[in-house]
Structures are given as structure tokens and as C-alpha cells.
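Summary of the model geometry
What follows is the residue order along each chain.
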Amino acid sequence: MKLNAKWKSLLSDELNKPYFKDLMSFLEDEQKTQTTFPVDENIFSAFNLTSFDDIKVVVLGQDPYHGKGQGHGLAFSVQGGITFPPSLKNIFKEYIDDLGFDIPVSGNLTLWAEKGVFLLNTVLTVRESHAHSHKNKGWEVFTDAVIKIISDRKKYVVFILWGKPAQFKSKLIDESKHLILRAPHPSPLSSYRGFFGSKPFSKVNTYLKSHNINEIDWKLK
């Protein structure tokens, strides 16, 4: 698993803690007998595509998609050519309504990641066809530390927290120097309770502009 040098330095304490070593042992054992996603080289894609210094927005997901060919290490994103999962389909509905863009051809959100949108899942791996199968193995402790580091060491980041599990993380974020956008999760079960019409993309840019930070170009191909 590859993790870029800046992140490795920032997270060196976490990477050396017993819980993280136990997590890596669990994952190694799991991979011997099960298919897990994403593949090893993509587990830290969010970190490797969005450098710490470039983060303007954090979008917090839960665990990776558990279907073959779907997840590739970015929250809510799927690889090109893969059918949009329901939550991503609803994100794109709001993207179209908020920004007036056409529906993207691909569900791959790498372009966002490269522009400062840190697409972080709270759990970074999963067993094929078993949602939440790597829950409570240590990833949550690790990603909580990541959120806290971003909150402590940066200013004027927008944290997009969709759904109650993501919103529970707000306690890690200093709202005196960051913006939190809260809304229901974009899944079909909750999207009609306030996700649609929440206009997260334009709200991000309004906030960034108010702090003289270059806005995000949200347009996908």
C-alpha cells in the first residue's frame, strides 16, 4: 500500500500505533482467503490524489463499494464504465440541479480529488459483497485522526457530512475556522429528506470565495 510522503509524515504516529499494526495484520489475513476492495494500490487513493496542502473540501463517506470493479479508494466514486450506484446517482442529480451541468459520462471522481476535494471513507476496505465487513477493525480510529489533523492544521476547509454517521464526526472539527455542510445521506432511503436541494457544490464555492480561496471547478466529463 502506497502512501505519499507528506501524509506519511503527518500520520507517522498513527501508522506506528498497535491498533494500526493489528489492522494491517487483519487485512493481510483477510486477503489470503477473501476478495477485498479496493485493491492494495488503491486503498490510499484519496491521500495520494489529494495532497494535504491542497485540501479545500472533505467529503466523508462510509465504507467502499463492495461490488467488483466499483470502488477505487475515493468516497462515492466508481471506476469508468461502471453503472452509477444509487447514492452517486443522487449526488449527480443534485450536481445537475445545483450547478446546471450535464450528467457526467463517468462516475469516476478523480477530477474532483485532483482539485482539492478529499474524498475520504471512514473505513478504507471491505470484503466483496459484504457491506461494513471491515467495520470496527481500526480504520475508524485512523480516519478520525486524519479528520482531526486536517481540522487542527488547516483553515477554511469545507467538510461535507452526509448522513448521521458522517455528522457524528463533527465533534472532531473546529467550526470556528471551518465550515460544516450537513445534509441527509444521498442514498434513496434518505435523499428526499433534505439532501435534494441542499446545494452543497455552490455553497462550497461561496464559502471559499469569501475567504479569497480559488473555487472548485466541479465540472466532470
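See above for the structure.
First, a word on what this report is: a plain description of the structure on this page.

The rules behind the values
Residues numbered from 1 in each chain as written. Predicted model: local features only at pLDDT ≥ 70, side-chain atom pairs only at ≥ 80, totals over all residues. Heavy atoms only, no water. Helix = DSSP H or I, 4+ residues; strand = E, 2+ residues; numbered from the N terminus. Rg over C-alpha atoms; globule rule 2.2 N^0.38 Å. Buried < 20%, exposed > 50% of the residue type's maximum accessible area, 1.4 Å probe, protein only. Contact = heavy atoms within 4.5 Å. Axes fitted to C-alpha atoms, helices over the stretch in contact; angles between N-to-C directions. Parallel < 35°, antiparallel > 145°, perpendicular 65-115°, else oblique. Nonpolar A, V, L, I, M, F, W, Y, C, P; charged D, E, K, R; others polar. Left-handed = near helix turned anticlockwise from the far one by under 90°. Phe/Tyr/Trp six-rings, centres within 6.5 Å; stacked < 30°, edge-to-face > 60°. Pairing = 2+ DSSP bridges.

1. Things to note about the overall build of the chain
Helix and strand counts for the chain stand at nine helices and six strands. Rg of the C-alpha trace for the chain: 17 Å, near the compact-globule value of 17 Å for 221 residues, within the 12% margin. Projected onto its principal axes, the C-alpha coordinates of the chain cover approximately 45 × 35 × 30 Å. By the burial criterion, 53% of the 221 residues in the chain qualify as buried. When contacts within the chain are restricted to residue pairs at least 6 apart in sequence, long-range pairs at least 24 apart make up 67% of them.

2. What to know about the packing of helix α5 (residues 86-99) against helix α9 (residues 200-210)
Where α5 contacts α9, the two axes come as close as 8 Å, and the packing angle between them is 55°. One finds that α5 runs oblique with respect to α9. Along its contact with α5, which presents Ile91, Glu94, Tyr95, Asp98 and Leu99, the element α9 presents Pro200, Phe201 and Ser202. The class makeup of the residues in the contact of α5 with α9 is five nonpolar, one polar and two charged.

3. Here's the deal with the packing of helix α3 (residues 18-33) against helix α7 (residues 139-153)
Packed helices, taken two at a time, are described by the angle their axes make and the gap between the axes. Here α3 crosses α7 at 130°, and the two axes come no closer than 9 Å. Comparing the axis directions of α3 and α7 gives the class oblique. The chirality of how α3 crosses α7 is left-handed. Between α3, through Tyr19, Phe20, Leu23, Met24 and Leu27, and α7, the contact on the second element is made entirely by Trp139, Val141 and Phe142.

4. Structural notes on the packing of aromatic side chains
Within a pair of aromatic rings, the relevant descriptors are the distance that separates the centres and the angle that separates the planes. Applying the stated criterion to the full structure yields 24 aromatic pairs. An angle of 90° between the planes, with centres 5.5 Å apart, marks the rings of Trp7 and Phe52 as edge-to-face. Separated by 45 residues along the polypeptide, Trp7 in helix α1 (residues 5-10) and Phe52 in the loop between α4 (45-49) and β2 (57-61) bring together distant segments of the chain. Assessed through its relative accessible area of 6%, Phe52 is described here as buried. Seen in terms of ring centroids, Trp112 and Phe201 are 5.6 Å apart; in terms of plane orientation they differ by 50°. Their pairing is tilted. Of this pair, Trp112 sits in helix α6 (residues 110-113) while Phe201 sits in helix α9; the two residues are 89 residues apart in sequence, bridging distant segments of the chain.

5. Let's talk about the pairing of strand β3 (residues 117-121)
Burial of β3 is extensive: five of the five residues sit out of reach of the surface. Side chains Val117, Leu119 and Asn121 of β3 all project onto a buried face; the interleaved residues Phe118 and Leu120 project onto the opposite face, where all are buried too. As judged from the five bridges shared by β2 and β3, these two strands associate in the parallel manner. Across the sheet, the residue bridging to Leu60 is Leu120, located in β3.

6. Quick notes on unusual backbone geometry
Following Phe37, the chain continues into Pro38 via a peptide bond in cis, with omega recorded as -10°. Relative to the helices and strands, Pro38 is located in the loop between β1 (36-37) and α4. We note that Ser129 has phi near 65°; this positive angle belongs to a residue other than glycine. One can find Ser129 in the loop between β4 (126-127) and α7.

7. A word on the sheet that holds β2
Strands sit in the order β3-β2-β5-β6 across an open sheet of four strands; the sheet is parallel. Two strands close off the open sheet at either side, each with one partner strand: β3 and β6 (179-183). Here the average twist between neighbouring strands, direction ignored, is 20°. Across four bridges, β2 lies against strand β5 (residues 158-162) in parallel orientation. Along β5, the bridge assignment pairs Val57 with Val158. α7 contacts β2, β3 and β5 of the sheet and is inclined by roughly 155° relative to β3.

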